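Tertiary structure, described
Residues per chain are reported as follows:
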Amino acid sequence: MELIDCKSLTLEELKAQLVKMGVPAYRAAQIRSWLDKGMVDFDEMGNLPAALRGQLKQIFWIPGIKIKKKLVSARDNTVKYLYTLWDGENVESVLMQYRHGWSQCISTQVGCKMGCSFCATGMDGIVRNLLPSEMIAQIEAAQADHNVRVSSVVLMGMGEPLDNFDNVIRFLMMLGEPGGVQIGMRHISLSTCGLVDKIYRLMDYKLQITLSVSLHAPNDEIRSGIMPVNKRWPVSELMKACREYANATGRRISFEYAMINGVNDSDEAAAELAAILKGMLCHVNLIPLNAVPEKAQQRSSEERIRRFKSILEKSGVNVTVRRTLGADINASCGQLRRQNR
Ligand code: SAH
Ligand code: SF4
C-alpha cells in the first residue's frame, strides 16, 4: 500500500484517517503540532505511545526538506535558499524584506516543462511536481533558519503552479490553517505563464489571492518567439480569460513583463500592450530581465524601460518597475540549482 503524505492532510482529514485506524481523534492535533514544528520522524513525537508511532509509520510518511545552501545578499538582505528534498532533488526559494515584512518566493515544481526562452528553470524540463507539504516546508524552514515571520508568499519560484494545480490548491487552503504558517489568501500571489484552461478552473474557486500573469509580450509574434505556451493559448485567448477572471473575482490582475533588449521593449510594443489592457482591472510590473549566463538575451537599458513605462502611463495603465532584489546572489530562480549539480 502506498504511504500517505501525512503533512499534506488538513487537520480534519488527518483526524478522519486516524479514526479509520481506530486511533482517538485528539491524537491528530498532537501530530499536527509536531508537523508544524518541522518534525519529520514519528519516533521523535514524544507524547505519542510507541505502539501508535509504529502504527503511524505503517500508513504515513513525512517528506523532509533540508537547507543545502544559503546565500545572503550584501546589498538588500535578500536571502536565497537551495533546499534538498527527500529524494535528493533541489529547489530554490527566496526571502525578501519589504517595509511591511518578509515575503517569500517559493517553488512549486522541480524544473518546469514550459520552456520559456529567458528562464533558467525551464532549461532542462521538469523532474516532478512538489507536494503541498513540500511547499509549506519551504516556508517553515526559512522562518526557523532566518528567525523571521513570513507574512506574504509568492508562487514565483521554480515551476509553473497551474501545471501542479491540485497540489497548489491544497497548499493554498492549508496555509491558513490554525497552528501552521497562517498566511491569508490576500497575502498570496500566484504567477502563471498563462495556462488558460487552468485560469478558468482557478476562477471557480473565487480565491482572494492575486493572480500574476507572465505576459512578456503584447502580440503572438513576439510571445510565441519567447514562450512556447503561447502556441497553445495565444494572447487573445489569454486576455479573454484574464478579463473574465478579474470580473468574476473582483481581483486586480498583475501582469509581469520582463524587459528584454530588442525583443519586447519597443515603443510600438508599449502602445500595443496599452491597447490590449484597455479598461481592464490590472497592474503591470516591468521586470528588468535577469540575464541567464547561458543565454544571449540581455536586459533593456534603464532609459528604454523608462520610456516604455511612460508610454503605458500616458495611456492610463497602472505600471511599476520592479526593484531587482538580490542581484548579487542570482535571486532569479533556476540559476542556483543549475550551478549545484
Ligand atoms: N512559471 C510561473 C512562475 C514562475 S516564474 C510563471 O512563469 O509565471 C516567475 C516569474 O519570473 C515569471 O514572471 C517569469 O516569466 C519570470 N522570469 C523567469 N526568468 C526570468 C529572468 N531571467 N528574468 C526576469 N524574470 C524572469
Ligand atoms: Fe516555467 Fe515560468 Fe520559467 Fe516559463 S518562466 S519556464 S513557465 S518557470
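What this report covers is the structure whose coordinates are included nearby. What you see is a predicted model, and the numbers here were worked out from it, not measured in a lab.

**A short note on the site of ligand 1**
Taken together, 16 residues are adjacent to ligand 1, and G159, S191, S214, H216 and N290 come closest. A distance of 3.0 Å separates a nitrogen atom of ligand 1 from a polar atom in the backbone of F118. The separation between an oxygen atom of ligand 1 and a polar main-chain atom of T192 is 3.5 Å. Looking at the shell around ligand 1 residue by residue, the class counts come to seven nonpolar, seven polar and two charged.

**As for the nonpolar core**
F171 and F255 are the most contacted members of the largest nonpolar core, which totals 83 residues. Not counting the four nearest positions on each side in its chain, F171 is found in contact with I106, P132, M135, I136, I139, V153 and L155. Counting residues in hydrophobic clusters, the runner-up holds 19 residues, among them L48, L52, L56 and I62.

**Considerations on the layout of surface pockets**
Estimated volume of the second largest pocket: approximately 240 Å³. Lining the second largest pocket are 15 residues, with G38, V40, G64, I65 and K66 sitting closest to its centre. Listed by contribution, the elements that provide at least two residues to the lining of the second largest pocket are β3 (65–72), β4 (79–85) and α4 (132–146). Per-element tally for the lining of the second largest pocket: the top contributor is α4, with three residues. Grouping the constituent residues of the lining of the second largest pocket by class yields nine nonpolar, three polar and three charged. The two domains that each donate at least three residues to the lining of the second largest pocket are domain 1 (4–61) and domain 2 (65–339).

**So, helix α3 (residues 50–59)**
Burial in α3 covers these residues: L52, R53, L56 and I59. Buried residues in α3, looked at end-on, bunch into an arc of 125 degrees, giving them a common side. In α3, the exposed residues that point more than 90 degrees away from the buried face are A50, A51 and Q58. Contacts from the buried residues of α3 go to β1 (4–5), α1 (11–20), α2 (26–36) and β2 (60–61).

**Quick look at the packing of aromatic side chains**
Taken as a whole, this structure holds five aromatic pairs when the rule is applied. Ring geometry for F42 versus F60: centroids 6.5 Å apart, planes at 40 degrees, classification tilted. Residue F42 is located in the loop between α2 and α3, and its partner F60 is located in strand β2; the two are separated by 18 residues in the primary sequence. We note that F42, like F60, is buried. Taken together, a centroid distance of 5.5 Å and an interplanar angle of 10 degrees make the contact between Y81 and Y83 stacked. For Y83, a relative accessible area of 0% puts it in the buried group. Across from the ring centre of W34, 5.2 Å away, lies the NZ or CZ of K37, which sits over that ring. The cationic tip of R232 hangs over the ring face of W233; the distance from NZ or CZ to the ring centre is 4.1 Å.

Conventions and cut-offs
- Residues numbered from 1 in each chain as written.
- Chains lettered and ligands numbered in written order.
- Predicted model: local features only at pLDDT ≥ 70, side-chain atom pairs only at ≥ 80, totals over all residues.
- Heavy atoms only, no water.
- Near = heavy atom within 4 Å.
- Polar contact = N/O pair within 3.5 Å; in protein donor to acceptor, adjacent residues only side chain to side chain.
- Nonpolar A, V, L, I, M, F, W, Y, C, P; charged D, E, K, R; others polar.
- Core = buried A, V, L, I, M, F, W, Y, C linked by side-chain atoms within 4.5 Å.
- Buried < 20%, exposed > 50% of the residue type's maximum accessible area, 1.4 Å probe, protein only.
- Contact = heavy atoms within 4.5 Å.
- 1 Å grid on protein atoms, 1.4 Å probe; cavity = no way out; pocket = protein on both sides within 12 Å on 5 of 7 lines; lining within 4 Å.
- Points joined across faces, edges and corners; volume = space filled by probe spheres on them.
- Helix = DSSP H or I, 4+ residues; strand = E, 2+ residues; numbered from the N terminus.
- Domains from an automatic or database assignment.
- Arc of directions from axis to C-beta.
- Phe/Tyr/Trp six-rings, centres within 6.5 Å; stacked < 30°, edge-to-face > 60°.
- Lys NZ or Arg CZ within 6 Å of the ring centre and 35° of its normal.

So yeah, pure geometry; function would need other evidence.
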